[in-house]
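The chain contents come next:
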Amino acid sequence: MWLLTQGVRGDGDGADIPFGVMFVVWPVLFYFAPRMSAAKLLKANGHHGRLQVTVGPEGVRTVSAHADLRMGWANYGSYAESSRIFALRSPDKAGRCAIVLVKRGARTPEDVDRLRALLDSRLPRA
């Protein structure tokens with residue numbers, strides 16, 4: 001990166017330096033932005049205490065000390081799976097994540113298989 005920033009320096013008028021700095025700052029921001037956002041969101045919702053998420057034929061229900069939220073399947077457009085999570089995505093074209101279901105929250109591996117089957121029956125896999 002240092003060579004890149006030195007290579008964009010132009011004739012010495014100083015206008016090219018911010019352009020070169022952008023190549024260093026943007027990757028750092030993109031790396032840390034999700035972590036910073038998640039930390040702020042976790043802190044903001046910390047007063048709810050422990051969350052219990054239940055997934056059933058009617059949709060997703062989230063219960064905490066201060067809230068009981070039910071969302072039907074129409075609120076989700078698709079889902080994606082990784083080795084550790086299921087991410088239920090919103091139906092907008094950008095497909096941003098709407099909710100994350102952590103697999104370690106399941107009691108047994110069979111529960112993860114049942115959740116996968118339920119998601120397959122209700123949502124397309126992204």
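What you see is a predicted model, and the numbers here were worked out from it, not measured in a lab.

**Section: the sheet that holds strand β2 (residues 59-63)**
Then, in step 1: A sheet is described by the order of its strands in space; here three strands give the open sequence β1-β2-β3, paired in antiparallel fashion. Either end of the sheet is taken by a strand with one partner, and the two such strands are β1 (52-56) and β3 (68-71). Neighbouring strand axes in the sheet, compared pairwise and without regard to direction, differ in orientation by 15° on average.

**Some details on the pattern of salt bridges**
A side chain with one charge may pair with a side chain of the opposite charge, provided their charged atoms come close.
Then, in step 1: With the rule as written, the count across this model stands at eight salt bridges.
Then, in step 2: Here aspartate 68 ties to arginine 70 by a salt bridge, and the two come within 3.7 Å at their closest N and O atoms.
Then, in step 3: Under the relative-accessibility criterion, aspartate 68 is labelled partly exposed at 41%.
Then, in step 4: On the basis of relative accessibility, which here comes to 59%, the residue arginine 70 falls in the exposed class.
Then, in step 5: Aspartate 113 is paired through a salt bridge with arginine 116; the nearest N and O atoms lie 2.9 Å apart. Of this pair, aspartate 113 and arginine 116 both sit in helix α3 (residues 109-122), three residues apart, roughly one helical turn.
Then, in step 6: Residue class for aspartate 113 comes out partly exposed when judged on its relative accessible area of 45%.
Then, in step 7: Exposure remark for arginine 116: the relative accessible area of 22% places this residue in the partly exposed category.
Then, in step 8: Shared partners join several salt bridges into a network, and the residues in it are Glu81, Lys103, Asp113, Arg116, Asp120 and Arg125.

**Thoughts on the sheet that holds strand β4 (residues 78-81)**
Then, in step 1: If you walk across this open sheet you meet the three strands as β4-β5-β6, and the pairing is antiparallel. The open sheet is flanked by β4 and β6 (97-102), the only strands paired with a single partner. Pairs of neighbouring strands in the sheet enclose a mean axial angle of 20°, with direction left out of account.
Then, in step 2: Relative to β6, strand β5 (residues 85-89) is paired through five bridges, and the arrangement is antiparallel. Bridged to leucine 88 within β6 is isoleucine 99.
Then, in step 3: Most of the contacts of α3 go to β5, to which it runs at about 20°, and overall it touches β4, β5 and β6.

**Details of the nonpolar core**
A general trend in soluble globular proteins is that nonpolar side chains are found buried together.
Then, in step 1: Formed by 13 residues in total, the largest nonpolar core has its most connected members in Trp73, Tyr76, Phe86, Leu88, Leu119 and Leu123.
Then, in step 2: For this core, the secondary structure elements donating two or more residues are β5, β6 and α3.
Then, in step 3: It is α3 that provides the largest number of residues to this core, a total of four residues.

**A few points about the environment of arginine 125**
Then, in step 1: With respect to the secondary-structure elements, arginine 125 resides in the segment after α3.
Then, in step 2: Along the backbone, arginine 125 and glycine 77 are 48 residues apart, and their C-alpha atoms lie at a distance of 9.2 Å.
Then, in step 3: Contact partners of arginine 125, with chain neighbours within four places excluded, come to Tyr79, Glu81, Arg116 and Asp120.
Then, in step 4: At 3.1 Å, the side chain of arginine 125 forms a polar contact with the side chain of glutamate 81.

**Comments concerning the pairing of β3**
Then, in step 1: As paired strands, β2 and β3 are joined by four bridges and run antiparallel to one another. Across the sheet, residue arginine 61 finds its bridge partner in β3, namely arginine 70.
Then, in step 2: The antiparallel hairpin formed by β2 and β3 contains four residues in its connecting segment.

Rules and cut-offs
Residues numbered from 1 in each chain as written. Predicted model: local features only at pLDDT ≥ 70, side-chain atom pairs only at ≥ 80, totals over all residues. Heavy atoms only, no water. Pairing = 2+ DSSP bridges. Helix = DSSP H or I, 4+ residues; strand = E, 2+ residues; numbered from the N terminus. Axes fitted to C-alpha atoms, helices over the stretch in contact; angles between N-to-C directions. Salt bridge = Lys/Arg side-chain N within 4 Å of Asp/Glu carboxyl O. Buried < 20%, exposed > 50% of the residue type's maximum accessible area, 1.4 Å probe, protein only. Contact = heavy atoms within 4.5 Å. Core = buried A, V, L, I, M, F, W, Y, C linked by side-chain atoms within 4.5 Å. Polar contact = N/O pair within 3.5 Å; in protein donor to acceptor, adjacent residues only side chain to side chain.

Geometry only, nothing functional implied.
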